Amino acid sequence: MNTILKLQSLRIPSDWSAVFGRHAPIHLEIGFGDGRFIINLAQRNPETNFVGVEVAYEFVKKASRKAELANLWNVKFIPIDAYIAIGCLFKRNDLHTLYSNFPDPWPRKRHAKRRLFTQEFAFILADRIHPDGRAILATDSPEFRDFALENMLKDGYFASEFKNGYLKGLPDNYPRTKYAEKWLAEGKELYFLSFKLVQRPERPFICPIKRSTIMPHVILKPIENGKDFVTAFQPFDLRYGEIFVRYVRAFLSQDMKTAMVEAYVGDWRLVQRILIAIKFRREETLVKLDHINHPVVTEGVKLAVKQIAMWIAEKFDVEPIAVKA
Ligand SMILES: C[S@@+](CC[C@H](N)C(=O)[O-])C[C@H]1O[C@@H](n2cnc3c(N)ncnc32)[C@H](O)[C@@H]1O
């Protein structure tokens with residue numbers, strides 16, 4: 001039994017009935033840390049399908065080992081950012097309950113993009129959550145509590161379940177997470193928020209990550225040798241709407257017949273490190289995506305392959321023979 005799922009093998013959006021082998025309401029925990037909360041809920045609620053998402057892969061492995069030891073088949077863990085999970089893996093009405101326990105408040109301005117419960121978060125969630133669903137937040141930070149309340153209520157998509165917007169302390173039957181235990185031991189006040197859907201956004205949220213089934217490659221007329229390419233290469237960036245590409249370095253194989261270009265590709269919030277192989281052959285130069293680190297082939301990845309090939313074509317004055325990207 002494998003409880004870890006990766007974006008590479010998931011559809012956008014995913015077919016959750018097929019993933020779990022049954023149709024059941026889905027409860028999602030974002031940023032599950034050591035996994036004790038979601039595992040506890042999955043044990044207590046065998047009739048529910050649980051999905052946990054977390055950006056730290058070591059936590060994903062740890063939680064999945066625990067779930068597998070407990071023989072839990074109603075929980076899956078995905079190493080992925082919460083925004084991508086909600087906006088790209090779920091369709092409208094797929095999500096019944098969302099739990100966020102002690103998310104990092106990211107108080108610094110330069111980390112603002114990493115915060116959960118922003119206005120964008122509320123918009124995406126309002127498009128996906130089931131009308132009978134709930135979005136639950138537990139936090140120790142009064143600033144984050146107020147930030148979340150303001151953003152969730154701002155556009156009128158959600159209403160708070162509590163008169164004053166939150167409860168002080170956690171409900172008795174609410175499982176304690178590692179951070180809940182930590183803050184309680186330190187005598188900190190905790191806040192519990194719960195939101196229900198009031199209205200959908202006027203326009204739907206469309207996942208900006210587009211995947212492709214083609215294996216991107218470009219064939220160019222031959223160039224003298226790989227050494228000239230690696231010497232000429234300079235790091236550069238590209239940006240097209242929600243896509244950015246940063247080419248960082250190029251290096252050559254010992255036999256000088258292949259060069260590798262290392263690049264970072266961002267499709268909205270999905271950032272991947274990719275390698276692009278350039279094979280210098282007598283009759284042609286082949287530029288192709290290297291599959292060693294199993295990238296998700298997105299529009300950004302295709303663009304990264306195509307644009308480095310176009311850069312070579314211009315720099316070395318060689319024409320493209322075939323472009324599949
Ligand atoms: C302070 S810890 C809390 C962990 C756990 N929920 C608990 O209460 O013990 C916050 C967790 O959220 C994860 N995280 C932060 N931003 C995230 C995001 N955008 N998507 C998914 N996980 C995220 C971090 O890796 C970290 O494990």
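Keep in mind it's a predicted model, so treat the numbers as computed, not measured.

We now examine the site of the ligand. The environment of the ligand is made up of 20 residues, and the closest members are Gly 31, Gly 33, Ala 82, Thr 177 and Tyr 179. For the shell around the ligand, the elements supplying multiple residues, two or more each, are β2 (49-54) and α7 (178-185). Ranked by residue count, the leading element in the shell around the ligand is α7, at three residues. A breakdown of the residues in the shell around the ligand according to their chemical character gives eleven nonpolar, four polar and five charged.

Summarising the element assignment, Tyr 174 is placed in the loop between β7 (167-168) and α7. Residues Tyr 174 and Leu 41 lie 133 residues apart in sequence; the distance between their C-alpha atoms is 9.3 Å.

Whenever strands of a sheet pair, they do so through backbone hydrogen bonds, lying parallel or antiparallel. If you walk across this open sheet you meet the seven strands as β10-β11-β12-β13-β14-β9-β15, and the pairing is antiparallel. The open sheet has two free edges, formed respectively by β10 (236-240) and β15 (320-324), since each of these has just one partner strand. Within the sheet, the average angular offset between the axes of one strand and its neighbour, ignoring direction, is 15 degrees. Strand direction decides the pairing type here: strand β12 (residues 258-267) and strand β13 (residues 270-280), joined by ten bridges, are antiparallel. Across the sheet, the residue bridging to Thr 258 is Lys 279, located in β13.

In this section: the pairing of β2. For a regular strand, the rule is simple: side chains alternate between the two faces of the sheet. A large share of β2 lies buried, amounting to six of its six residues. Burial along β2 is two-sided: Asn 49, Val 51 and Val 53 and Phe 50, Gly 52 and Glu 54, pointing in opposite directions, are all buried. When strand β1 (residues 26-30) meets β2, the two strands line up parallel, connected through five bridges. When the bridges of β2 are listed, Glu 29 appears paired with Gly 52. The parallel pair β1 and β2 is bridged by helix α2 (residues 36-44), and the resulting crossover is right-handed.

That bond from Ile 12 to Pro 13 is cis: its omega, -15 degrees, falls within 30 degrees of zero. Within the secondary structure, Pro 13 sits in the segment before α1 (16-20). Here the phi dihedral of Trp 268 falls at roughly 55 degrees; this positive angle occurs in a residue that is not glycine. Here the phi dihedral of His 294 falls at roughly 45 degrees; this positive angle occurs in a residue that is not glycine.

Per the domain assignment, the segments of the protein are domain 1 (7-197) and domain 2 (217-324). Spacing between the C-alpha centres of domain 1 and domain 2 amounts to 38 Å. Taken residue by residue, the interface counts five residues in domain 1 and four residues in domain 2. Of the residues in the side of domain 1 that touches domain 2, the class split is three nonpolar, one polar and one charged.

When we look at burial in α2, the residues that qualify are Phe 37, Ile 38, Ile 39, Leu 41 and Ala 42. Tucked into the core, α2 has its buried residues touching β1, β2, α3 (57-69), β3 (75-79) and β4 (95-101).

Turning next to the nonpolar core. In terms of nonpolar packing, the biggest core is built from 87 residues, with Ala 85, Leu 125, Ile 276, Val 287, Ala 304, Val 305 and Ile 308 touching the most fellow members. In this structure Ile 308 touches Tyr 247, Val 261, Ile 276 and Val 287, once residues within four positions along its chain are discounted.

With respect to the helices, strands and loops of the structure, Ser 212 is situated in the loop between β8 (191-197) and β9 (217-220). Taking the number of C-beta atoms within 10 Å as the measure of exposure, Ser 212 has 13 and is therefore partly exposed. For the pair Ser 212 and Thr 298, spaced 86 residues apart in sequence, the C-alpha to C-alpha distance is 5.6 Å. Among all residues touching Ser 212, those that are not within four sequence positions of it are Val 297, Thr 298, Glu 299 and Lys 302.

This brings us to the packing of helix α4 (residues 82-89) against helix α5 (residues 119-128). Where α4 meets α5, the axes come as close as 9 Å, and the angle between the chain directions of the two elements is 35 degrees. Crossing geometry of α4 relative to α5 is assigned as left-handed. Of α5, the residues touching α4 (which contributes Tyr 83, Ile 86 and Gly 87) are Phe 121, Ile 124, Leu 125 and Arg 128. Class assignment of the residues belonging to the contact of α4 with α5 gives a composition of five nonpolar, one polar and one charged.

Turning to the pairing of strand β5 (residues 129-139), a few remarks are in order. Pairing geometry for β4 and β5, over six bridges, is parallel. Bridge pairing links Leu 98 to Ala 135 in β5. With α5 bridging β4 and its parallel neighbour β5, the resulting β-α-β unit is right-handed. Bridge analysis of β5 against β8 gives five bridges, and the strand direction is antiparallel. Bridged to Ile 136 within β8 is Ser 194.

Calculation criteria
Residues numbered from 1 in each chain as written. Predicted model: local features only at pLDDT ≥ 70, side-chain atom pairs only at ≥ 80, totals over all residues. Near = placed C-beta within 6 Å. Helix = DSSP H or I, 4+ residues; strand = E, 2+ residues; numbered from the N terminus. Nonpolar A, V, L, I, M, F, W, Y, C, P; charged D, E, K, R; others polar. Pairing = 2+ DSSP bridges. Axes fitted to C-alpha atoms, helices over the stretch in contact; angles between N-to-C directions. Buried ≥ 20, exposed ≤ 12 C-beta atoms within 10 Å, placed from the backbone. Right-handed = clockwise from strand over helix to strand, strands pointing away. Domains from an automatic or database assignment. Contact = placed C-beta atoms within 7 Å. Core = buried A, V, L, I, M, F, W, Y, C linked by C-beta atoms within 7 Å. Left-handed = near helix turned anticlockwise from the far one by under 90°.

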